[in-house]
Amino acid sequence: MKKLLPAFYLLFFCATAFTQTVKKQYPKIDIAYKKFVLDNGLTLIVHEDHKAPIVAFNVWYHVGSKNEVPGKTGFAHLFEHMMFTGSENNKDRYIQFLESIGGTDANGTTNHDRTNYFEDVPTSSFDKILWAESDRMGYLLGSIDSSRLALQRGVVQNEKRQGDNQPYNIANELTAKNTFPAGHPYSWTVIGDLKDLDSASLDDVKNWFRQYYGPNNNVVVVAGDVNTDTVYEKIKKYFGAIPACPPISKQDAWVAKMTGKHYQKAQDRVPQARLQKTWNTPQWGTADDAYLNLLNDILTNGKSSRLYKRLVYDEQLSNNVFSYVADREIASQFNIFADAKPGVSVNKIDSIINEELQKILKDGPTAEELERAKTNYFANFVKGMERIGGFGGTSDILAESQTFGGSPDYYKKIMEWIKNATTADVRKAGVEWLSDGEYVLDIEPYGDYSVGDSLAVNRKTAPAMGIPPVVKFPAVNEFTLSNGLKVALVERHAVPVIDMSLMINAGYAADQFGKPGLATLAMNMLKEGTKTKTALQLSDKLADLGVSLYTYSDLDNSYMYLSALKVNLNESLNLFTDVLFNPSFPQKNFERVQKEQLLSIKQEQVEPFSMGLRILPKLLFGSGHAYSNPFTGTGTESSVNAITRADLVKFHDTWFAPNNSILVVVGDINSQELKTKLETSFASWKKQTVPEKNIKDVALAVQPSVYIIDKPGAAQSIILSSEVSPSATDPDFEKIEMMNRILGGEFSSRIDMNLREDKHWAYGAGSFDVSAKGQGLFIAYAPVQSDKTKESIQEIQKELTQYVGDKPATEEEFSKVQKNSVMQLPGVWETNGSVLNALQSAIGYNRGINYLKNYPTMLQQLTLTDIQHAATKVVKPKSLTWVIVGDRSKIEQGIKELNLGSMKYIDTEGNEVK
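Cut-off values and rules
- Residues numbered from 1 in each chain as written.
- Predicted model: local features only at pLDDT ≥ 70, side-chain atom pairs only at ≥ 80, totals over all residues.
- Heavy atoms only, no water.
- Helix = DSSP H or I, 4+ residues; strand = E, 2+ residues; numbered from the N terminus.
- Rg over C-alpha atoms; globule rule 2.2 N^0.38 Å.
- Areas by Shrake-Rupley, 256 points an atom, 1.4 Å probe, with all protein chains shown as cover.
- Phe/Tyr/Trp six-rings, centres within 6.5 Å; stacked < 30°, edge-to-face > 60°.
- Buried < 20%, exposed > 50% of the residue type's maximum accessible area, 1.4 Å probe, protein only.
- Lys NZ or Arg CZ within 6 Å of the ring centre and 35° of its normal.
- Contact = heavy atoms within 4.5 Å.
- Pairing = 2+ DSSP bridges.
- Axes fitted to C-alpha atoms, helices over the stretch in contact; angles between N-to-C directions.
- Salt bridge = Lys/Arg side-chain N within 4 Å of Asp/Glu carboxyl O.
- Parallel < 35°, antiparallel > 145°, perpendicular 65-115°, else oblique.
- Left-handed = near helix turned anticlockwise from the far one by under 90°.
- Nonpolar A, V, L, I, M, F, W, Y, C, P; charged D, E, K, R; others polar.

Novice: Account for the overall build of the chain, with residues named and values stated.
Specialist: Within the chain, the secondary structure is distributed over 33 helices and 23 strands. A compact globule built from 914 residues should have a C-alpha radius of gyration of about 29 Å, and the chain, at 27 Å, falls within 12% of that. Dimensions of the chain, computed from the C-alpha atoms along their principal axes, are close to 75 × 70 × 60 Å. Total accessible area on the chain stands at roughly 34400 Å², and carbon and sulfur atoms take up 50% of it.

Shown next, in the form of structure tokens:
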């Protein structure tokens, strides 16, 4: 990575403002790699990156839903799930195996064109992951049986129900069927049809594996703290004996460009109408696709983008406008979405979008717009390269380039198109693909209606674990500015980027002194203009510098987060402090953002999980407590309507003070340089007295209670059971965290294994603890199919009761999660952002600066007795408050039969209804 620094600095060496006389320089990004092809056809790509003792394994199988046939859809995604059930020699469920060797950032995903599996592991686990990945690539069939198929089919079906239960989700299937002709590989959704999944036989699944899961149909990328030649020899050892799969027919480009306009209207249980416009466009890896991605950025990225400015900022007809290019292997799609504010006609929004499109197709983008889009592309690419694994990391970039482009460095070709794109190129691509052939979908709110009724490998035994790497949290340098602002810095020089977060002691809890939703609204307004810049000018300047600036709140704090390129740090700090010290809170912008927050509340009132998070605090903390407002932070409709611009000014004046804030910095800078810059930038910020929030403890509920929120027609119920829990400042915090990993915090936890893997009533279930300076919330949750609501509640109650009763955590369970938590640390602390978040959390919850330094040792010294004690400290089955969101007509009687406690029926704001 170090060799990239000189080239990268060229990117912003010249003046950041675009001029006609100075040609902007872009980085010559080069992800070093070596490529091998084994005799059995497996393609191996190795990238060395020695910044942390971890290794990323990423395999892309060149098969997706486009390889299916009508009547047998959903197979690719179903098989992705089957690959996690264990293989012939590795009997454990795959996620359990990963947890035992310190795996992080692990997942499997399926799209139209490929299925990938990835994980990061500590270097000591490298042989183990190669043994496991090669075993499921070459030795899976013997482990697949009808019971495993039935289990995973049920899980996938619940995943589909969970997706179908989300607002606007109906657009996925409608778009696929109405934008591609029948029989086109993209004319069905990736998750497929429930009937097709029901009909999938064991032979179908096995044949899918035999046909597509051979080494000659995949690309393996290994990236991280490795030696290339050693990796090659190990890959040959573990994967070399796996036979190739049969010849595969592959679909060439099939854009299926549409003609004319196809209008469709649908209804969904949503609070506001959504307009979607879709065009079929050229496939990934073409020049026009690159140009259209730039056009997409120009249309909706940033406040001054064409559509955002017109629809959201100026005319305020919409609160949410976004677009994206869905890049795929044989055809892409250009999509524009806009949510209409209540009372606004979708047709009016459609006509404005068409008007703005015609302008840019006639005249092309401005040179300034194009350069801003290019800067955004390269800045995001460089920041993404910090990660070796996961979505968008270096291993993903190399795998995608090889799989779809035929070369690991195909991304360079795309970069050249981006770098050299002219306004004429972008205009021409827009005219070619967006002038005709448009699908328009209008999703309207559904009314209120009543509802009626191997090679030299010992396959049998996993290889021994290597010596675990010594994990140390990076050194933390602390200092205090002359105005009292405390600063914590971690130096990291892997990429020329600096991340900083100003943590202000305010958050949703500060709404206790104002109006619920004020902290969120005030922080959202910070970027709406300063005394020196309008919102549009600020947005443009941030984009010109490649800067990310976010302002937001959580329960206890409000934040200003900055990610800047080092060479632009001075200008970036100037923007940061301008927003911090000089927000102007323009009245017109305030009225728009206020309406947007009201619409967010409407959206939360139809999304099942957020419904629960809105009302649980009110039920558990009662009135007058700083935590009694909705945990979403958006407030209530009445409170947000009552907020004025003067409230925003007061919020800023009350809470924003150096003695009430902490600045955490991670990146390519040393203490002296940072302190010098900060003393200059923050010199005018003065100390002041701030209020004290009421976060006093409240009593546990004396007895259980049940609240039902009716969601007519819901295919799933969301079950939430909750109680107040100890503060995140509690000395037993890590014991509580470890305790919850066993109960519901991991894939292999008791709750998830019960409801997902054993019963397959849920796509995922578990428990978590809401961290807070005061008491938090312990919440067990499960989104389950409606006809298993009663039974699922019984299972959750059983798991919680047994965990603090006759089936406490076992030595085996404890040993597994303890070992896993320690082994995961190299991956957990890989990026600047992850280091910043860990340090910010330690400081925010008063754990001391040495907390992270001693963290590995502290984890290793925990005992089973500690965990069992933590469980009894938190889990109180007789004090639970249950909130169930679902179709009352289907679930009410079953819940009554359980006789859990007093039962009430409430609306989405917690008000009792008859």
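Novice: Give a description of the packing of aromatic side chains that names residues and reports values.
Specialist: Overall, the coordinates contain 40 aromatic pairs when judged by the stated rule. Residues F322 and F337 carry aromatic rings whose centres are separated by 4.7 Å and whose planes lie at 10° to one another, so their mutual orientation is stacked. One end of the pair, F322, is in strand β9 (residues 318–326); the other, F337, is in strand β10 (residues 332–340), with 15 residues separating them in the sequence. Using a relative accessible area of 27% as the deciding quantity, one classes F322 as partly exposed. Measuring from ring centre to ring centre gives 5.0 Å for Y552 and Y559, while their planes differ by 20°; the resulting arrangement is stacked. We classify Y559 as buried; its relative accessible area is 6%. Through a chain of ring-to-ring contacts, three or more aromatic side chains come together here, namely Y61, F79, F84, Y94, F97, Y117, W131, F209 and Y213. In this structure, R328 is placed above the aromatic ring of Y186, and the distance from its NZ or CZ to the ring centre is 5.1 Å.

Novice: So what's going on with unusual backbone geometry? Residues and values would help.
Specialist: The backbone phi angle of A256 is positive, close to 55°, even though this residue is not glycine. For A256, the location among the structural elements is in the loop between α9 (228–239) and β7 (261–268). Non-glycine residue N899 carries a positive phi angle of around 50°. Tracing the chain through its elements places N899 in the loop between α33 (888–898) and β23 (902–905). Residue N899 is classed as exposed on the basis of its relative accessible area, which comes to 66%.

Novice: Any chance you could break down the environment of F576 for me, citing the residues and the numbers?
Specialist: Of note, F576 is situated in helix α19 (residues 569–581). On the basis of relative accessible area, F576 is assigned to the buried category, the value being 0%. When sequence neighbours within four positions are dropped, the list of residues in contact with F576 reads L502, L549, M560, L562 and F682.

Novice: Outline the sheet that holds strand β6 (residues 218–224), listing residues and values.
Specialist: Taken together, the six strands give an open sheet; going across it, the order is β1-β2-β6-β3-β5-β4, and neighbouring strands pair in mixed fashion. Two strands lie at the open edges of the sheet, namely β1 (34–37) and β4 (104–110), each paired on one side alone. Averaged over all pairs of adjacent strands, the angle between their axes in this sheet comes to 15°, without regard to strand direction. Both β1 and strand β2 (residues 43–48) contribute to a ladder of four bridges, which runs antiparallel. Counted as the bridge partner of K35 is I45 from β2. Across the sheet, α9 lies against β1, β2, β3 (54–61) and β6, angled at about 150° from β2, the strand it touches most.

Novice: Quick one: what's the story with the sheet that holds β9, residue by residue and with numbers?
Specialist: Across the sheet, five strands lie side by side as β7-β11-β8-β10-β9; this open sheet has mixed pairing. The open sheet terminates on both sides in strands that have one partner only, identified here as β7 and β9. Taking the axes of each pair of neighbouring strands and ignoring which way they run, one obtains an average angle of 15° across the sheet. Strand contacts of helix α6 (residues 170–179): β7, β8 (274–281), β10 and β11 (438–445), with the helix running at about 155° to β11, the strand carrying the most contacts. The strands touched by helix α10 (residues 287–300) within the sheet are β8, β9 and β10, with β9 carrying the most contacts at an inclination of about 170°.

Novice: Tell me what's going on with the pattern of salt bridges, and back it up with residues and numbers.
Specialist: Within this structure, the stated rule accounts for 55 salt bridges. For K51, the salt bridge identified is with E830, shortest N-O distance 3.9 Å. Judged by its relative accessible area of 3%, E830 is buried. In this structure, D540 engages R372 in a salt bridge whose closest nitrogen and oxygen atoms are separated by 3.3 Å.

Novice: I'd like to hear about the packing of helix α26 (residues 750–758) against helix α27 (residues 789–803), residue by residue, with values.
Specialist: Between α26 and α27, whose axes approach to 10 Å, the crossing angle comes to 155°. In terms of axis orientation, α26 runs roughly antiparallel to α27. Relative to α27, the crossing made by α26 is right-handed. Of the residues in α27, those in contact with R750, I751, N754 and L755 of α26 are S792, E795, I796, K798, E799 and Y803. Class assignment for the residues of the contact of α26 with α27 results in four nonpolar, two polar and four charged.

Function-wise, these values are silent; they only describe arrangement.
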